[in-house]
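# Secondary and tertiary structure notes
Chain by chain, the residues run as shown.
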Amino acid sequence: MENSIENNAKSNTQNNVGNNHLTMRRAQAGDLTLIQELIRGLAVYEKRPQDVTGTKEQLRYWLFEKNIATVWFAEYGKETVGYALYYPVFGSFAAAGSVYLEDFYLKEEFRGRGFGRYFFSKIAEAVLAEGYTGMEWSCLDWNQTAIGFYRRGEAKQEAGRVYFGLDHAGLEKTAAQNLREGSGIM
């Protein structure tokens, strides 16, 4: 599966949109500055620039040493116009792997031209080629543009779940609870 994706990336998957070409390529370790710039662009768009605290060293470690996630770029001519970042998840009930699309971002000046739809379809193609069975993501509730984009496609909005999370401090406090409560489980 990996070879077909890499071959696809090497051939620069193209879409003729407006007599110009949109290509998609997989990020490499040398792209860290670009990845970081695009993450900042997404954070500004989501009105959360203060939340970007990751360093290039952290990105290098997690993306290219631990290989915990995959990053693809959308390129128009010689300009990178967007990116997608996803990582594997496992569904125990179905015993199947899928991916969580953490980031899907296209620079504002390139929206509304068919690039987003094409790039999203190419991400879906890459996910399938890697052997995954599905893709899930979340969207900020105020982002009606993105919600409309996803609804126009095949995405179905999940209902009936409440999502939770722990940051690093929360993980540490949770891990320490058993020590404070005197749990004897080992």
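Computed from a prediction, not measured in an experiment: that's the story for all the values here.

For Asp31, the location among the structural elements is in the loop between strand S2 (20–26) and helix H2 (32–45). What makes Asp31 buried here is its relative accessible area of 11%. A distance of 2.9 Å separates polar atoms of two side chains, one belonging to Asp31 and the other to Arg25. Residues within four places of Asp31 in sequence aside, it is in contact with Arg25, Arg26 and Phe73.

What follows covers the packing of aromatic side chains. One pass over the structure, following the stated rule, counts 15 aromatic pairs. For the ring pair Phe104 and Phe120, a centre distance of 5.2 Å and an interplane angle of 85° mean the geometry is edge-to-face. Taken together, the positions of Phe104 in strand S5 (residues 96–106) and Phe120 in helix H4 (residues 115–129) put the pair 16 residues apart, joining distant regions of the chain. For Phe120, a relative accessible area of 12% gives the class buried. Over the aromatic face of Tyr45 sits the side chain of Arg111, whose NZ or CZ is 4.3 Å from the ring centroid. Positioned above the aromatic ring of Tyr76, the side-chain terminus of Arg113 is 5.3 Å from the ring centre.

Each value, and the rule that gives it
Residues numbered from 1 in each chain as written. Predicted model: local features only at pLDDT ≥ 70, side-chain atom pairs only at ≥ 80, totals over all residues. Heavy atoms only, no water. Helix = DSSP H or I, 4+ residues; strand = E, 2+ residues; numbered from the N terminus. Buried < 20%, exposed > 50% of the residue type's maximum accessible area, 1.4 Å probe, protein only. Polar contact = N/O pair within 3.5 Å; in protein donor to acceptor, adjacent residues only side chain to side chain. Contact = heavy atoms within 4.5 Å. Phe/Tyr/Trp six-rings, centres within 6.5 Å; stacked < 30°, edge-to-face > 60°. Lys NZ or Arg CZ within 6 Å of the ring centre and 35° of its normal.

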